[in-house]
Protein chains: 2
Amino acid sequence: MTAEPADLNADELRAKAVAAARGVEPFDLLLAGGQVADVITGKLRTADVGVSGPLIASVHPAGTRRDALKTCDAAGMVIAPGLIDAHMHIESSMVTPRTYGETVLKRGVTTIVWDPHEFGNVWGVKGVIWAVKQAGLAPLRVLTLAPSCIPSAPGLETSGAEIDADSLREVLSLPGIHGLAEVMDMNGVVAREPRMASIVQQGLLSGKPIFGHARSLTGADLNAYAASGISSDHEITSSADLRSKIESGLFIELRGSHDHLLPDFVRTLLEYEQLPQTVTLCTDDVFPDDLSESGGVDDVVRRLIHYGMPPMNALRAATLNAASRLLRQDLGAVAPGRRADIVVFDDLISCKAEFVFLGGVEADQLKIPAPTFGALPRAMSLRPFCSEDFEVRSQSRRVRVATIDQPRFTKWGEAVADVVNGRVLAPIGAIRMAVVNRHGSQSSPKVAFLRGWGDWRGAFCTTVSHDSHNLTVFGSDTEDMAVAANAVLAAGGGLAVASDGAVNALLPLPIAGLVSERPVSEVGASFKAVRTAMDDIVTWKPPYGVFKACFGASLACNPGPHLTDLGIADMARQTILASPVLGAA
Amino acid sequence: MTAEPADLNADELRAKAVAAARGVEPFDLLLAGGQVADVITGKLRTADVGVSGPLIASVHPAGTRRDALKTCDAAGMVIAPGLIDAHMHIESSMVTPRTYGETVLKRGVTTIVWDPHEFGNVWGVKGVIWAVKQAGLAPLRVLTLAPSCIPSAPGLETSGAEIDADSLREVLSLPGIHGLAEVMDMNGVVAREPRMASIVQQGLLSGKPIFGHARSLTGADLNAYAASGISSDHEITSSADLRSKIESGLFIELRGSHDHLLPDFVRTLLEYEQLPQTVTLCTDDVFPDDLSESGGVDDVVRRLIHYGMPPMNALRAATLNAASRLLRQDLGAVAPGRRADIVVFDDLISCKAEFVFLGGVEADQLKIPAPTFGALPRAMSLRPFCSEDFEVRSQSRRVRVATIDQPRFTKWGEAVADVVNGRVLAPIGAIRMAVVNRHGSQSSPKVAFLRGWGDWRGAFCTTVSHDSHNLTVFGSDTEDMAVAANAVLAAGGGLAVASDGAVNALLPLPIAGLVSERPVSEVGASFKAVRTAMDDIVTWKPPYGVFKACFGASLACNPGPHLTDLGIADMARQTILASPVLGAA
């Protein structure tokens, strides 16, 4: 559902709401007996709420009106504005927009700001247009953005697509597109590299907001990034970073995906005399099992409250502040004239949604046509793999190889490796990573040696592999790597874990190799099974989850070496190493 | 100056700002040594501010950059965002937009939201288009609105113009028009009277904000007013009213024109845990001498601080909150990427502006073409008056007459009056008021008797007479009334005080009978002379000034009897009494 403010302009709709407010006509819906969470005053106020069509018509003293076609008993409960997720990627939850909406709407999330960056990376402009269409079939308000950085590492990998400034101009002009999504190529922005400069310009010219990704930016570069016209950031990594970003004037999308940082952020925000009105909340990425079990931005609200944020501030960030940031004065408060996006919570500690209304319609009464996916392009057409595909070859007996040391914040390393029968053995303490282009014609996987990933006895294959989502395999054993890769191939995309020559767990993601059309419970359970299977084959247990390391290991736009389908790429040096073999040892 | 957010989108402008932020190029302007008033965090922060073209490029640690084409020494001072007046009528200051801008810009007011309601009332759509053009020649950012209620009392007076929904649609589509101005016909809105309903609909359809005037609305009617799509109010009359309007979700334009209410409003706002982010500030109406001596919304800020509002809150209301209400993320904060509308105050108590920059240009360096008014229509073409014009005639010896009792909140009264030579003498304790249409062909003045206006020994004539601005005369002596009226006639519009057959004070207002093109000091001095002359002829000294009572005495859209050019009108009864004579006594 992509309803615009303009949907509320129909004469008959306003006439009906005005008449209902005055008692000339009954309300369509009356929320009675509860307390309104007034995010404007910061107070809980005993009041009833009258709804007419999609509009809140009246907030009035309890019990003074009883004429309504339907009454919702909110006694003892809190009537709050629907929650707004200010920045997120549905693809991270590996379900369709429809399923995502069904999952979070009943928890009180009524609006999400979706960057369909992954569909864009795989399918390009067509993927973004497809996303807008799917957003319209989701049972919540989806403000879809135009991805800004596709590909994120041009020249360093074979991407599924490219979206240049010209294409972006057209995409940004679509009414279903609400802004330019997180501008990740920060160097391109501050160095005023022509491609990024013209992309940011298209964002400005569209008159729609430009969302940021200002990872680790400080000082002059942070000023430059904001001066370019980008107006938000969700990449907050520390209290000092949070303070400096708030002071920069950027809107803050405080994100739930990095839970370990939240307690510190709560403490930092409590140091201010009041919550800065530029602070909004977001999920960014939620894995399917977390989505199924804990929800979306409602869970971020809950956790912030748990960590000590005053409940009204958590709510204000997720409602009024977000609406203001999004230039949507029809959203964000329980007040007459605004849209009846309302969640009735049991209280403001557990924040359990007892009733949810989207544009005045109760969540389970929404009539939205079922999405059809029709003939989607196949996620890939690759021939099956064999173990040989994951070997590194050399004529020498012993070689020096380049290694990628440390997950995430990667560094170049070097090791000596033996060669047996023309095949380079993994250096001590190293595992293998392989990437093969899945967006074009068949080519051979490129292979690298990773250190710092613990011991593996098996393999993991994924078609979720940022940003170009080429087929990516990790493992210690080339046979298992082939088994895992072939399982993913047969599933038309997805995740698979294999060991001892057999598949241990599989999550098929046939839509773009990113997403499943199965129910969230099923996708969540399969994802959990993959998690468990991973625990069995990998000794390494990073706090942020081994998946994040795997999904991001090919992210060549980040500093340091990253393996792509072309080899080991280094953004800063603008080099690609086709084979890790540096020479004879 | 009506600069839109889009003015900041030029590629070269952003490129220059980004380069300046990074130190690759020098700043055009550096504000050094001061403290930034950070309205986002609510803190004063020692920092320097670098400006590039119209943009703030950088806010950085003091002294870390010195490369700038020009440096402004802000040592010991406070660098604040330019002030925003969220609702006002330039006409009330009786000067041109150009003069108004020159007067307030140097005091730190960089943006005003102007409802050219009075020009609209006199000149109709042409007047609004003229206003947009004049706004473009004023040295500050003028967001001109489309007046919504012209005429305000259709059928009860001869107005200068009518602006219907169809005309409004065209006016609202102009890029120089930023919203629909205060919707004063509250009854029309909540009763869904077709004319007002369609006017509000045009506002909604334009996608621009609709500004309110919710005088005395409470309960169901207040809900209905907000449900119609109108989103603000400045007609706050008490603390209870303020609380209820804040809770209604309307944006509040706290106005300075009713100074006696402000101390109470400050106390009320201090009861909230934080200043609601929906609270903005406005002047509404400022008389020319007050403008000349005390300024515009800068004076509202100063007075609120004087009455106990924390300075940062007063500032936040007049900057960040206003920018948010106006959907202008380019305004309202001293932060990179925002517009360099900046005022450097000596401190946050006296709030004396030491330097002011509009779009990065220092106030006294602005190059704006001088306005030309060309051949404006004459304010009126009436023949000179004689004392007979202000007589009420009757054939009886003694008559019962209707009276208008009490200024402002008028009531019907009745009295007995003697008739001498066919002329009705004023009842005891009553003065005369006369109104004549100045927008069309000559007609005879209509006359009424007012009680509760004190004793007069002379007369006052004005072409500023809300809302239709017909020529209006008050007095005890019909000879003096003719003298005052003829003085105004000869001046082509304006204000005049006469006694003993001579003119005591005159302020010519030849532009539309509302405004002078003379400097503010001159207009202010003349206005003050009129004030003083009034003090000499009227014993009555109401706290809100006798002018407000005079200027509003013909405002037939208000409840109670009001004299218009057609007679004594009563909005509620929809009646007009052509003569006050009710019958023989």
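Within each chain, residue numbers correspond to sequence positions counted from 1 in written order. Ligands are numbered from 1 and chains lettered from A, in the order in which they are written. It should be noted that, the model being predicted, local features are given only for residues of pLDDT at least 70 and side-chain atom pairs only at 80 or more, the latter also being counted only at that level, while totals for whole chains, interfaces and linings use all residues. The basis for every side-chain value is the complete set of non-hydrogen atoms in the structure, without hydrogens or water.

Describing helix H7 (residues 219-227) of chain A
Owing to its 3.6 residues per turn, the α-helix aligns residues three or four sequence positions apart on the same side.
Link 1 in the chain: The cut-offs for exposure are 20% and 50% of the maximum accessible area for each residue type, with area from a 1.4 Å probe on protein chains only; residues under the lower value are buried, those over the upper are exposed, and the others partly exposed. By the criteria applied, helices consist of DSSP H or I runs no shorter than four residues and strands consist of E runs no shorter than two, each listed in order from the N terminus. Of all the residues in H7 of chain A, the buried ones are Leu-222, Asn-223, Ala-224, Tyr-225, Ala-226 and Ala-227 of chain A.
Link 2 in the chain: Only heavy atoms enter the contact rule, under which two residues are in contact if any of them lie within 4.5 Å. Along its buried surface, H7 of chain A packs onto strand S11 (177-183), helix H5 (186-190), strand S12 (210-212) and helix H8 (239-247) of chain A together with helix H1 (11-22) and strand S5 (55-60) of chain B.

What to know about the sheet that holds strand S28 (residues 561-564) of chain A
Residue and element names in this part refer to chain A.
Link 1 in the chain: In this description, strands pair whenever DSSP reports at least two bridges between them. Taking strand neighbours across the sheet as the criterion, the three strands line up as S28-S29-S30 in an open arrangement whose pairing is antiparallel. Taken across any chain shown, the strands that pair with only one partner, and hence form the sheet edges, are S28 and strand S30 (575-577). Mean inter-strand twist for the sheet, computed between neighbouring axes without regard to direction, equals 30 degrees.
Link 2 in the chain: With three bridges connecting them, strand S29 (residues 567-570) and S30 associate as antiparallel partners. The partner of Asp-570 across the bridge, within S30, is Thr-575. Axis lines are fitted to C-alpha atoms, over the contacting stretch for helices. Their N-to-C directions set the angle, which ranges from 0 to 180 degrees.

A look at the environment of Phe-474 of chain A
Link 1 in the chain: Position of Phe-474 of chain A relative to the elements: it lies in strand S25 (residues 471-475).
Link 2 in the chain: By relative accessible area, Phe-474 of chain A is classed as buried at 0%.

With respect to the sheet that holds strand S30 (residues 575-577) of chain B
Residue and element names in this part refer to chain B.
Link 1 in the chain: Spatially, three strands are ordered S28-S29-S30 in an open sheet, and the strand pairing comes out antiparallel. The sheet is open, and its two borders are formed by strand S28 (561-564) and S30, each paired with just one other strand. Direction aside, neighbouring strands of the sheet carry axes that sit 30 degrees apart on average.

Examining empty space enclosed by the protein
Link 1 in the chain: Note on definitions: the grid is 1 Å and covers protein atoms alone; a cavity is a set of points where a 1.4 Å probe fits but cannot get out; a pocket is an open set with protein on both sides within 12 Å along at least five of seven lines; lining residues have an atom within 4 Å of a point. Grid points are joined across faces, edges and corners, and a volume is the space filled by probe spheres set on the points. Under the defined criterion, the tally for this structure stands at five cavities of 30 Å³ or more.
Link 2 in the chain: Size it by volume and the largest cavity reaches roughly 270 Å³.
Link 3 in the chain: Looking at the lining of the largest cavity, the elements that each hand over two or more residues are helix H12 (311-325) of chain A together with helix H12 (311-325) of chain B.
Link 4 in the chain: Looking at the lining of the largest cavity element by element, the count peaks at four residues for H12 of chain B.
Link 5 in the chain: The space that makes up the second largest cavity amounts to roughly 70 Å³.
Link 6 in the chain: Taken together, 13 residues make up the lining of the second largest cavity; nearest its centre are Ile-404, Thr-410, Trp-453, Ala-553 and His-562 of chain B.
Link 7 in the chain: With three residues, S28 of chain B is the largest single contributor of residues to the lining of the second largest cavity.
Link 8 in the chain: Three classes are used, and their members are as follows: Ala, Val, Leu, Ile, Met, Phe, Trp, Tyr, Cys and Pro are nonpolar, Asp, Glu, Lys and Arg are charged, and the others, Gly among them, are polar. Residues that form the lining of the second largest cavity fall into these classes: nine nonpolar, three polar and one charged.

So, the interface of chain B and chain A
Link 1 in the chain: Of the residues lining the interface, 61 residues belong to chain B; the matching set on chain A comes to 61 residues.
Link 2 in the chain: We count a salt bridge whenever a side-chain nitrogen from Lys or Arg sits within 4 Å of a carboxyl oxygen from Asp or Glu. Between the two partners, chain B and chain A, sit eight salt bridges.
Link 3 in the chain: Salt-bridge contacts for Asp-221 of chain A lead to Arg-22 of chain B; the nearest nitrogen and oxygen are separated by 3.0 Å.
Link 4 in the chain: Whenever two N or O atoms come within 3.5 Å, that pair is a polar contact, provided that in protein one can donate a hydrogen and the other can accept it, and provided that, for residues adjacent in sequence, both atoms are side-chain atoms. At the boundary of chain B with chain A, the tally comes to 27 residue pairs in polar contact (both at pLDDT 80 or more).
Link 5 in the chain: No other element matches the seven residues that H1 of chain B contributes to the side of chain B that touches chain A.
Link 6 in the chain: Among the residues forming the side of chain B that touches chain A, the class breakdown is 28 nonpolar, 19 polar and 14 charged.

None of the figures reported here should be taken as evidence of function without further support.
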